[in-house]
Amino acid sequence: MESLETAGGFLFLLLGIYVAAEMAVLHFRRHALRLREARTTLFGALSVGVAVAIALRLALPVSVALFASAGIALSPVGSLGTGVLAWIAGWLVYEFWYWFQHWAAHQVRLLWCIHSPHHAPRSIHMMVGANHHFVESALYMPFFAGFMPALFGIEPVICVALNLVDGIWGSFLHISDQVVPKGRYGVLGRFLQTPAHHRVHHARNVRYLDRNYNSITLFWDWALGTLEPLRDEEPPDYGITREVDTGSFWDVHFRELVLLARDVRATRGLDRLRVLWKPPGWRPGDASHTAAARRGALIRAGG
């Protein structure tokens, strides 16, 4: 476990060096960097780091390893071990729970409130990959990356290793389309998530809404019907469906919660609870503004 953490630290250092280089290229060479937006994503990344550091300092169970240790202790099936088949099963289970938590973050409005900061920027680059709400990074993600796979018998060391691969590859998926325009990677793009797939995920084009949830392979997106390729004739329009001041840390990280509270106050009875767990855009008696309804209407119209 310690050697994995050391390797992970080294790889994330290399990622940090690349992020700095990418920012320099985007700003000085490509002239394509929104400085106020980049400042907000930097603040978002720093808030995640501070929250995780404080939580770890207080010895709270916030890391994937600690969550996984708790999960394996409670597993009704026991440990599947660390053999080859256990690693294959671990990959399938880990990626399923990654898909599920990511799907839920888009389909449950309360969860969307803490996931939306990651989607708010109107451009894509490696800094966006680190820009998450601190609650999501410190608690929500480790629960699904550690506790849930381990509850199904996956050893903590496998959870940590897969999370390391996920973190490195998932960061790479956010590489700037100004630096690597295509991002498809040939035959690899037939079974692995690529930057092109993830650009679809970050787009607010109606066709691309709520697609491509996984971050390593395409398997669960293919199996569960959420896979969508990037089309050359329809370039991604990045961001979320409401207008956001991407230079405002408050607007990016907290405005969705304010809007949710407003909608809860404006409803009555059980609809107050439904507003919390229904998809973004849902209103009592009206689901036409949800991503699924808008995308369905586009497809039925032959778009």
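Rules used throughout
- Residues numbered from 1 in each chain as written.
- Predicted model: local features only at pLDDT ≥ 70, side-chain atom pairs only at ≥ 80, totals over all residues.
- Heavy atoms only, no water.
- Helix = DSSP H or I, 4+ residues; strand = E, 2+ residues; numbered from the N terminus.
- Buried < 20%, exposed > 50% of the residue type's maximum accessible area, 1.4 Å probe, protein only.
- Contact = heavy atoms within 4.5 Å.
- Areas by Shrake-Rupley, 256 points an atom, 1.4 Å probe, with all protein chains shown as cover.
- Expected span 1.5 Å × (residues − 1).
- Bend = angle between axes of the 7 residues up to and from the residue.
- Patch = residues over 30% accessible without salt bridge, like charges linked within 9 Å, V, L, I, M, F, W, Y side chains within 5 Å.
- Salt bridge = Lys/Arg side-chain N within 4 Å of Asp/Glu carboxyl O.
- pLDDT = per-residue confidence, 0-100.
- 1 Å grid on protein atoms, 1.4 Å probe; cavity = no way out; pocket = protein on both sides within 12 Å on 5 of 7 lines; lining within 4 Å.
- Points joined across faces, edges and corners; volume = space filled by probe spheres on them.

*Asks:* Account for the overall build of the protein, with residues named and values stated.
*Replies:* Secondary structure assignment for the protein yields 13 helices and zero strands. Element order for the protein, N to C, with α for helix and β for strand: α-α-α-α-α-α-α-α-α-α-α-α-α. Across the 303 residues in the protein, those meeting the buried criterion constitute 48%. Long-range contacts, defined as pairs at least 24 residues apart, comprise 72% of the intrachain contacts of the protein with a sequence gap of at least 6. A total of about 14,700 Å² of accessible surface is found on the protein, and carbon and sulfur atoms cover 68% of it.

*Asks:* Report on unusual backbone geometry, specifying residues and quantitative values.
*Replies:* Despite not being glycine, Tyr185 has its phi angle at roughly 65°, a positive value. With respect to the secondary-structure elements, Tyr185 resides in the loop between helix H8 (156–172) and helix H9 (195–201). Accessibility expressed as a relative area gives 35% for Tyr185, which makes it partly exposed. Here Asp210, not a glycine, exhibits a phi torsion of approximately 60°, which is positive. Looking at the element boundaries, Asp210 is found in the loop between H9 and helix H10 (219–223).

*Asks:* Explain the environment of Ala293 residue by residue, including any values.
*Replies:* Turning to its location among the elements, Ala293 is positioned in helix H13 (residues 291–300). Residue classification places Ala293 among the partly exposed residues on the basis of a relative accessible area of 26%. Remark: the alpha-carbon pair of Ala293 and Trp282, spanning eleven residues in sequence, is separated by 9.8 Å. Excluding anything up to four places from it in sequence, Ala293 contacts Ala287, Ser288 and Arg300.

*Asks:* Explain helix H7 (residues 134–151) to me, and be specific about the residues and the numbers.
*Replies:* Given 3.6 residues to a turn, an α-helix orients residues that are three or four positions apart in the same direction. Taking 1.5 Å of rise per residue, 18 residues should cover 26 Å, and H7 covers 24 Å from first to last C-alpha, within 8% of that figure. The axis of H7 is deflected most strongly, by about 40°, at Phe143. Among the residues of H7, those classed as buried are Glu136, Ser137, Ala138, Tyr140, Pro142, Phe144, Ala145, Gly146, Phe147, Met148, Pro149 and Ala150. Following H7 by one or two positions, Gly153 has its phi on the positive side, about 95°.

*Asks:* Residue-level account of a nonpolar patch on the surface, with values.
*Replies:* A cluster of nonpolar side chains, Tyr185, Val187, Leu188 and Phe191, forms an exposed patch at the surface whose accessible area comes to about 370 Å². With respect to the helices and strands, the residue Leu188 is situated in the loop between H8 and H9. You can call Leu188 partly exposed: its relative accessible area is 36%.

*Asks:* Can you break down the confidence of the model for the protein residue by residue, with the values?
*Replies:* Per-residue pLDDT for the protein has a mean of 87; in total, 84% of the residues score no lower than 70. Long-range and interchain partners of residues 56–61, a stretch whose pLDDT sits below 50, account for six contacts in this model, where long-range means more than four residues apart.

*Asks:* Can you tell me about the layout of surface pockets, naming the residues and giving the values?
*Replies:* Counted as a void, the second largest pocket has a volume near 540 Å³. Around the second largest pocket sit 29 residues that line it, and Trp112, Thr241, Arg242, Pro280 and Gly281 are the ones nearest its centre. Those elements that provide at least two residues to the lining of the second largest pocket are helix H4 (84–107), helix H5 (109–119), helix H11 (249–265) and H13. A total of four residues in the lining of the second largest pocket trace back to one element, the largest contributor, which is H11.

*Asks:* So what about the environment of Gly81? Which residues, and what values?
*Replies:* Among the secondary structure elements, Gly81 is positioned in the loop between helix H3 (64–74) and H4. Residues Gly81 and Val157 lie 76 residues apart in sequence; the distance between their C-alpha atoms is 10.0 Å.

*Asks:* Describe empty space enclosed by the protein, and please don't skip the residues or the numbers.
*Replies:* Per the stated rule, a full pass over the model turns up one cavity of 30 Å³ or more. Of the volumes computed, that of the largest cavity is approximately 30 Å³. Lining the largest cavity are Glu37, Thr40, Thr41, Ala120, Pro121, Asn131, Thr246 and Val252. Per element, the largest residue contribution to the lining of the largest cavity is three residues, and it comes from helix H2 (residues 35–57).

*Asks:* Residue-level account of the pattern of salt bridges, with values.
*Replies:* Applying the stated rule across the entire model yields 14 salt bridges. Where Arg122 meets Asp237, a salt bridge forms, and the shortest distance between an N and an O atom there is 2.5 Å. Separated by 115 residues along the polypeptide, Arg122 in the loop between H5 and helix H6 (126–129) and Asp237 in the loop between H10 and H11 bring together distant segments of the chain. Residue classification places Asp237 among the partly exposed positions, given a relative accessible area of 30%. For Asp232, the salt bridge goes to Lys182, with nearest N and O atoms at 3.9 Å. Of this pair, Asp232 sits in the loop between H10 and H11 while Lys182 sits in the loop between H8 and H9, and the two are 50 residues apart along the sequence. Each member of the pair Asp232 and Lys182 is classed as exposed. Salt bridges sharing common partners tie together Arg109, Arg262, Asp263 and Arg283.

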